[in-house]
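So you can see what is in the structure, the chains are spelled out below.
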Amino acid sequence: MAESASIPVLHSYWRSSAAYRVRIALALKGQPYRSVTWQMAQGEHLQPAYRRLAPFGLAPFGLVPMLDIDGLRLQQSLAIIEYLEERNPEPALLPPGRAARARARALAQLIACEVHPLNNLRALKRLRTQFGADDEQVGEWYRHWCHEAFSAFEAALGDDDGSPYALGDAPGIVECFLMPQVYNARRYGADLAPYGRIDAIARACAALPAFQAASPEHQPDAPQPAPAANPA
Ligand SMILES: N[C@@H](CCC(=O)N[C@@H](CS)C(=O)NCC(=O)O)C(=O)O
């Protein structure tokens, strides 16, 4: 059956790592889309204008992203990416073979389920409002969970097999989840030196146009750099 011809709309925020995952997947698939952005820093994702768009009441927290595609409004980055994979199987984001796919999903979920919820905006805000945590303490919290997850992730990647990517010779679902977490980790000053494979994967991905197009600084709502001063 022919898919709807209308261009998908991604509800996004430039710094949202869950939206960043979906942007990478869309770019790797070569799927054009339009962005509608909600300024999370100003709480726009919590306002009725955004919340009423969510179809299944899945947005008690007004979560970003949401993908409007084929007449559906999809939430949860993993579900969205799996939908894109089933809709347009090539280029594949999941590796061939049940066992390899289970491994890829496990690595993606290590990021999505085990660390990201602990580092999310509302969790970090709660540390401040309920426990009076300051910037330094919030940073410590972030880096603690990031190191726990990255240690497990690095171990789960196993020995270097010569490929610059996590599984196989092309980036896929694992990189969709890993790259935004690395971006956040750098933002919070986590030391990535102990994670050689993660660092190598992130460097390989950063060189690819799909990852560059999806990166936070290339989003329409990202702060624009100040224009260079006119040389006298
Ligand atoms: N499990 C969700 C997580 C979505 C999520 O947490 N999004 C963040 C931005 S990265 C958000 O909307 N946070 C709002 C908040 O914490 O108030 C997914 O994978 O899509």
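A brief report on the enclosed structure follows.

Parameters at a glance
- Residues numbered from 1 in each chain as written.
- Predicted model: local features only at pLDDT ≥ 70, side-chain atom pairs only at ≥ 80, totals over all residues.
- Heavy atoms only, no water.
- Buried < 20%, exposed > 50% of the residue type's maximum accessible area, 1.4 Å probe, protein only.
- Helix = DSSP H or I, 4+ residues; strand = E, 2+ residues; numbered from the N terminus.
- Arc of directions from axis to C-beta.
- Contact = heavy atoms within 4.5 Å.
- Pairing = 2+ DSSP bridges.
- Axes fitted to C-alpha atoms, helices over the stretch in contact; angles between N-to-C directions.
- Salt bridge = Lys/Arg side-chain N within 4 Å of Asp/Glu carboxyl O.
- Core = buried A, V, L, I, M, F, W, Y, C linked by side-chain atoms within 4.5 Å.
- Domains from an automatic or database assignment.

## Comments concerning helix α8 (residues 196-206)
- If you check which residues of α8 are buried, you get R197, I198, I201, A202, A204 and C205. Looking down the long axis of α8, one finds its buried residues gathered within 160 degrees of arc, a one-sided arrangement.
- Contacts made by the buried residues of α8 are with α6 (135-157), α7 (173-187) and α9 (209-214).

## Describing the sheet that holds strand β2 (residues 34-37)
- The mixed open sheet is built from 4 strands, whose spatial order is β2-β1-β3-β4. Each edge of the open sheet is held by one strand with a lone partner, namely β2 and β4 (72-75). Averaged over neighbouring strand pairs, the angle between their axes works out to 20 degrees when direction is ignored.
- Sheet analysis places strand β1 (residues 9-12) next to strand β3 (residues 66-69), joined by 3 bridges and oriented antiparallel. Note that in β3 the partner of H11 across the bridge is M66.

## Let's talk about the pattern of salt bridges
- Counted under the stated rule, the structure contains 9 salt bridges.
- Put simply, D135 and R128 hold a salt bridge, and the shortest N to O gap is 2.7 Å.
- We classify R128 as partly exposed; its relative accessible area is 37%.
- For R186, the salt bridge goes to D199, with nearest N and O atoms at 3.7 Å. One end of the pair, R186, is in helix α7; the other, D199, is in helix α8, with 13 residues separating them in the sequence.
- A single salt-bridge network, built from bridges that share partners, covers E136, E140 and R143.

## Here's the deal with the nonpolar core
- Counting 63 residues, the largest nonpolar core has F150, F153, I173 and F177 as its most contacted members.
- Within the residue set of this core, elements represented by two or more residues are α1 (17-29), β3, α3 (77-87), α4 (98-119), α6, α7, α8 and α9.
- Counting residues per element, this core draws most heavily on α7, at 9 residues.
- Looking at which domains feed residues into this core, each of domain 1 (9-87) and domain 2 (98-215) gives three or more.

## Describing unusual backbone geometry
- Cis peptide bonds are those with omega within 30 degrees of zero, and the linkage from V64 to P65 qualifies with 15 degrees.
- By secondary structure assignment, the location of P65 is in the loop between α2 (48-51) and β3.
- The omega torsion of the bond from E90 to P91 falls at -10 degrees, within 30 degrees of zero and hence cis.
- Here P91 shows up in the loop between α3 and α4.
- The backbone of D70 sits at a positive phi, close to 55 degrees, despite the residue not being glycine.
- Even without being glycine, Q76 reaches a positive phi, approximately 75 degrees.
- Its location among the elements puts Q76 in the loop between β4 and α3.

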